[in-house]
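Structural characterization, general
Next come the chains, spelled out residue by residue.
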Amino acid sequence: MGRLGALFFLLGGLGALAQVCEITEVDSELVERLGQRLLPWMDRLSLEHLNPSVYVGLRLSSLQAGAKEAHYLHSLKLSYQQSLLRSASGNDNSDSEAKPSMGQLALYLLALRANCEFVGGRKGDRLVSQLKRFLEDEKGAIGHNHKGHPRTSYYQYSLGVLALCLHQKRVHDSVVGKLLYAVEHEEHLRQAHLSVDSVAMAGLAFSCLELSNLNPSQRDRISLALGRVREKILKAQTPEGHFGNVYSTPLALQLLMTSHTPTVELGAACLKAKAALLASLQHKTFRNPLMISQLLPVLNRKSYVDLISPDCQAPRVMLEPAMGTSSQTQVPEVIHVTLKVSSILPPYVQSISVPAGSSLEDVLKKARDHGRFMYGTQASLSGPYLTSVMGKKAEGREFWQLLRAPNTPLLQGLADYRPRDGETIELRLVSW
């Protein structure tokens, strides 16, 4: 009887693995410390710094920020509605950085759903029309023969489709068709290290379309593409347990958690990913607000697809600001970082001294303020990114890549990466 009981226990365990991709409960202190890192971002209320993803992440998490959360949503509404009104009236004289991108508009729509709101009225119709125009422009850039590429990315394209789906707004079959073709011919989604992110976001869009049945003539094709996406993500799992890399894992897990086709492989992969995420949490790997806001829902067993029917009455724990640690005033350690730019003539190489713990952005600022170094950045939801170095702009399908010598691409951006003493950081102009 003991052996039979053990056998039933083993089979039950395998069955549980085969049923769902679920991240079981995580230490509440680790989750709370992660959420606390979002609180300072909620005090940045200019359009440049407002990040709808922060609001979405909190609303889908087990945490809340009380009155600060409500004020943040109010600021989002004011900024985005005013920006759209300026664009509609033709009185927008600000530069392009002040205008919401397709991804920002899409995330704003997600933020409204996170508050159990549907877009409606003239303002809502204007917002939906603007996002649909973005998608039509991107469809045109991809081209009738699919030889082109979106002006932004398939990630933003997928996010736009997802946002409209969550608000029960149908997009034309041809718009969905471009995304389906890209997944069916997956070389279109192989764009540097963002591949898993792009595929996962496409999968979330397909999951919403499948559940909502807004494009019934493409239902079978959507289901097949969703299976392709899940298979690709599972194949991208590293020996450490991440899908692609540590920062693309939360979005990948959001997609895998929507699976209605249970397998032992899926359950085992999610358990392995959970262990990798726990190790990353303990090492305080996640600092970027966009990445944190994608991870918090996973730790609450939620995904963006849950915004089809969000539970706005679910109890959530109140976040309190992190208590500062008292310590004696110390002179910060100084580290030396070599900054290298080989994509210009003459090449630039300079050793920069900064306090330990400085970001790569701090290194660039120090080089600019104390030498001949010049650079330009543009704000994005994941932080500032380089647009020019020493007067050389990234144009067309070019971008400035960040590498740790000799040839290791950085997984974090300017504001998040902390160089170590003696490192050489190269800024390299590449094409994709």
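Residues numbered from 1 in each chain as written. Predicted model: local features only at pLDDT ≥ 70, side-chain atom pairs only at ≥ 80, totals over all residues. Heavy atoms only, no water.

Turning next to the sheet that holds strand 6 (residues 385-389). The three strands are arranged 5-6-7 in an open sheet whose pairing can be described as antiparallel. Each end of this open sheet is capped by a strand with a single partner; those strands are strand 5 (375-378) and strand 7 (392-393). Here strand 5 pairs with strand 6 via four bridges, running antiparallel. Looking across to strand 6, one finds that Q378 is bridged to Y385. (Pairing = 2+ DSSP bridges. Helix = DSSP H or I, 4+ residues; strand = E, 2+ residues; numbered from the N terminus.)

Let's shift gears to the nonpolar core. Formed by 100 residues in total, the largest nonpolar core has its most connected members in F206 and F243. When sequence neighbours within four positions are dropped, the list of residues in contact with F206 reads L179, L180, V183, I222, A225, L226 and V229. By size, the runner-up hydrophobic cluster in this structure holds 25 residues, among which are I344, V363, A367 and Y375. (Core = buried A, V, L, I, M, F, W, Y, C linked by side-chain atoms within 4.5 Å. Buried < 20%, exposed > 50% of the residue type's maximum accessible area, 1.4 Å probe, protein only. Contact = heavy atoms within 4.5 Å.)

The next thing to look at is the packing of aromatic side chains. Applying the stated criterion across every chain yields a total of five aromatic pairs. Judged by centre distance (5.8 Å) and plane angle (75°), the rings of Y247 and F286 are edge-to-face. Of the two residues, Y247 sits in the loop between helix 10 (219-235) and helix 11 (249-256) while F286 sits in the loop between helix 12 (264-282) and helix 13 (289-299), which places them 39 residues apart along the sequence. Among the residues examined, F286 registers a relative accessible area of 1% and is labelled buried. Through a chain of ring-to-ring contacts, three or more aromatic side chains come together here, namely Y348, F373 and Y375. Lying over the aromatic face of W41, R44 brings its terminal NZ or CZ to 4.1 Å of the ring centre. In this structure, R113 is placed above the aromatic ring of F118, and the distance from its NZ or CZ to the ring centre is 3.9 Å. (Phe/Tyr/Trp six-rings, centres within 6.5 Å; stacked < 30°, edge-to-face > 60°. Lys NZ or Arg CZ within 6 Å of the ring centre and 35° of its normal.)

Further remarks concern the confidence of the model for the protein chain. When pLDDT is averaged along the protein chain, the result is 87; 89% of the residues meet or exceed 70. Note that pLDDT drops below 50 for residues 3-17; the model gives that stretch five contacts with residues more than four away or on any other chain. (pLDDT = per-residue confidence, 0-100.)

Bridging between strand 3 (residues 334-341) and strand 4 (residues 348-355) involves eight bridges; their strand directions are antiparallel. Each residue of the ladder has a partner; that of I335, found in strand 4, is V354. Counting the residues that bridge the hairpin from strand 3 to strand 4 gives six residues.

In a disulfide, the sulfur atoms of two cysteines are held together by a covalent bond. One pass over the structure, following the stated rule, counts three disulfides. Bridging C21 to C270, the disulfide has an S-S length of 1.8 Å. The S-S bond linking C21 to C270 shows a torsion near -100°; that makes this disulfide left-handed. Taken together, the residues C21 in the loop between helix 1 (2-19) and helix 2 (28-36) and C270 in helix 12 connect sequence positions 249 residues apart. Relative accessible area serves as the criterion here: at 1%, C270 is assigned to the buried category. Disulfide partners in the protein chain, listed by the sequence order of the bonded cysteines, are 1-5, 2-6, 3-4. (Disulfide = S-S within 2.5 Å.)

Another point: unusual backbone geometry. With omega at -10°, the peptide bond leading from L345 into P346 counts as cis. Considering the arrangement of structural elements, one finds P346 in the loop between strand 3 and strand 4. Of note, the amide linkage connecting A405 to P406 takes the cis form, showing an omega dihedral of 10°. Here P406 shows up in the loop between strand 8 (398-404) and strand 9 (408-409). Despite not being glycine, K284 has its phi angle at roughly 55°, a positive value. Mapped onto the fold, K284 is located in the loop between helix 12 and helix 13. Given the relative accessible area of 44%, K284 is considered partly exposed. In this structure, M390 is a non-glycine residue whose phi angle is positive, near 55°. By the element assignment, M390 lies in the loop between strand 6 and strand 7.

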